[in-house]
Amino acid sequence: MSPIISVSKLSKTYGSGFKALNNINLEIHRGEIFALLGPNGAGKTTLISIICGIANLSEGRVIVDGHDINTNYRAARAMIGLVPQELHTDAFESVWATVSFSRGLFGRAKNPDHIEKVLKDLSLWDKKDSKIVTLSGGMKRRVMIAKALSHEPQILFLDEPTAGVDVELRKGMWEVVRALQASGVTIILTTHYIEEAEQMADRIGVINKGEIILVEDKASLMQKLGKKRLTLQLQGKVETIPPALAAYHLELSDGGRALTYNYDTRGERTGITSLLSDLRNAGIRISDLDTTQSSLEDIFVSLVQAR
Ligand code: ATP
């Protein structure tokens, strides 16, 4: 299937001379949730602003469902809903009026049934006549999403949808986003919360200093780069690690009742088999063991630091 968004050789230099994006190549698959993950100032907002036609590109090309954003802006833009980082909307309008008005901005004929569906999907139906100013922060964010969906876009950009939002609300937002995906919308979200990318995304792109340093399927990313930790509970207590086991770089924990061993799942050998036999030879008996996978956070930090 052709990608729904195709970005090629995209660069952006701001008027100040600062190069915020450098030769970005990226394809977004139809129907996926794609998380663009990167530290502050990495270029996430710049990239989505260009795709959404809010900022101009300096070099390269962006195609949205076959439409070039430069030469066919209106058709490309009509495909896209954007929920910006900052909440800005008319505080004294009702939810219904605000969302209906947004649809009008795209030149689409009135469709109260669609607006009703969007408000119901976002659990805002009982607030449709409330003024925005009277809503909670979480409701306001959902109004922003409703506005972005008012013209029936096939692609939704969420720029840091849960920045500064409490854990409860964040989980609620994730559910909303998953439901949107189930309804056929392709979703691109930017975040610097690794947990958010880990929870939500089908694929993850990591951007740092204006360059995409990795794009990968979330599961394979975690497997490919993931380090694992093996914890061995010991039958007795060990005061020091025998020198014969030095090569494994084991760590003693739990007051000498546990040993941990870090290994790389990418390696040809994990070293576990020989470790277990060397432990037996050293007279160390094991009562239990378990393994844990490193989180995306570890992967992300090591990727960004490696640059
Ligand atoms: P954050 O996570 O903090 O929102 P971001 O990844 O979205 O960051 P951008 O907002 O895209 O980052 O900014 C990328 C870089 O471009 C930053 O160094 C920023 O200072 C710079 N930048 C952004 N807008 C402009 C502008 N209008 N003029 C000059 N430089 C800019």
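Residues numbered from 1 in each chain as written. Predicted model: local features only at pLDDT ≥ 70, side-chain atom pairs only at ≥ 80, totals over all residues. Heavy atoms only, no water.

## Concerning the site of the ligand
Alright, step 1. Around the ligand, the surrounding shell holds 15 residues, and the nearest of these are Asn40, Gly41, Lys44, Thr45 and Thr46.
Alright, step 2. The backbone of glycine 43 places a nitrogen or oxygen atom 2.9 Å from an oxygen atom of the ligand.
Alright, step 3. Within the side chain of glutamate 160, a nitrogen or oxygen atom sits 3.0 Å from an oxygen atom of the ligand.
Alright, step 4. Out of a free accessible area of 630 Å², the ligand has 64% covered by protein chains.
Alright, step 5. Across the shell around the ligand, the residue classes tally to 5 nonpolar, 8 polar and 2 charged. (Near = heavy atom within 4 Å. Polar contact = N/O pair within 3.5 Å; in protein donor to acceptor, adjacent residues only side chain to side chain. Areas by Shrake-Rupley, 256 points an atom, 1.4 Å probe, with all protein chains shown as cover. Nonpolar A, V, L, I, M, F, W, Y, C, P; charged D, E, K, R; others polar.)

## Quick look at the packing of aromatic side chains
Alright, step 1. For the structure on display, the rule yields 3 aromatic pairs.
Alright, step 2. Ring geometry for tyrosine 261 versus tyrosine 263: centroids 5.9 Å apart, planes at 20°, classification stacked. The residues tyrosine 261 and tyrosine 263 share a single accessibility class, namely buried.
Alright, step 3. The cationic tip of lysine 120 hangs over the ring face of tryptophan 125; the distance from NZ or CZ to the ring centre is 4.9 Å.
Alright, step 4. Here the basic side chain of lysine 128 rests over the ring of tryptophan 125, its NZ or CZ set 5.0 Å away from the ring centre. (Phe/Tyr/Trp six-rings, centres within 6.5 Å; stacked < 30°, edge-to-face > 60°. Buried < 20%, exposed > 50% of the residue type's maximum accessible area, 1.4 Å probe, protein only. Lys NZ or Arg CZ within 6 Å of the ring centre and 35° of its normal.)

## Examining the sheet that holds strand β4 (residues 59-64)
Alright, step 1. Here we have 4 strands laid out as an open sheet, ordered β2-β1-β4-β5, and antiparallel in their pairing. Of all the strands in the sheet, the pair left with one neighbour each is β2 (19-28) and β5 (67-68).
Alright, step 2. As judged from the 6 bridges shared by strand β1 (residues 5-13) and β2, these two strands associate in the antiparallel manner. The residue of β2 that forms the bridge with lysine 12 is leucine 21. (Pairing = 2+ DSSP bridges. Helix = DSSP H or I, 4+ residues; strand = E, 2+ residues; numbered from the N terminus.)

## Some thoughts on the sheet that holds strand β8 (residues 186-191)
Alright, step 1. An order of β6-β7-β8-β3-β9-β10 is seen for the 6 strands of this open sheet, with the pairing classed as mixed. Bordering the open sheet on either side are β6 (80-83) and β10 (211-217), each of which pairs with just one other strand. When strand polarity is set aside, the average angle formed by the axes of neighbouring strands in this sheet is 15°.
Alright, step 2. Bridge analysis of β6 against strand β7 (residues 155-159) gives 4 bridges, and the strand direction is parallel. The partner of isoleucine 80 across the bridge, within β7, is isoleucine 155.
Alright, step 3. Packing of helix α5 (residues 137-149) onto the sheet brings it into contact with β6 and β7, and relative to β6 it is tilted by some 160°. (Axes fitted to C-alpha atoms, helices over the stretch in contact; angles between N-to-C directions. Contact = heavy atoms within 4.5 Å.)

## A closer look at the pairing of strand β3 (residues 33-37)
Alright, step 1. In terms of burial, β3 is largely enclosed, as 5 of its 5 residues are buried.
Alright, step 2. Residues Ile33, Ala35 and Leu37 point to one face of β3 and Phe34 and Leu36 to the other, with burial holding for every one of them.
Alright, step 3. Strand direction decides the pairing type here: β3 and β8, joined by 5 bridges, are parallel. Along β8, the bridge assignment pairs isoleucine 33 with isoleucine 187.
Alright, step 4. In this structure, β3 lies alongside strand β9 (residues 203-208), joined through 4 bridges in parallel fashion. What sits directly across from alanine 35, in β9, is isoleucine 204.

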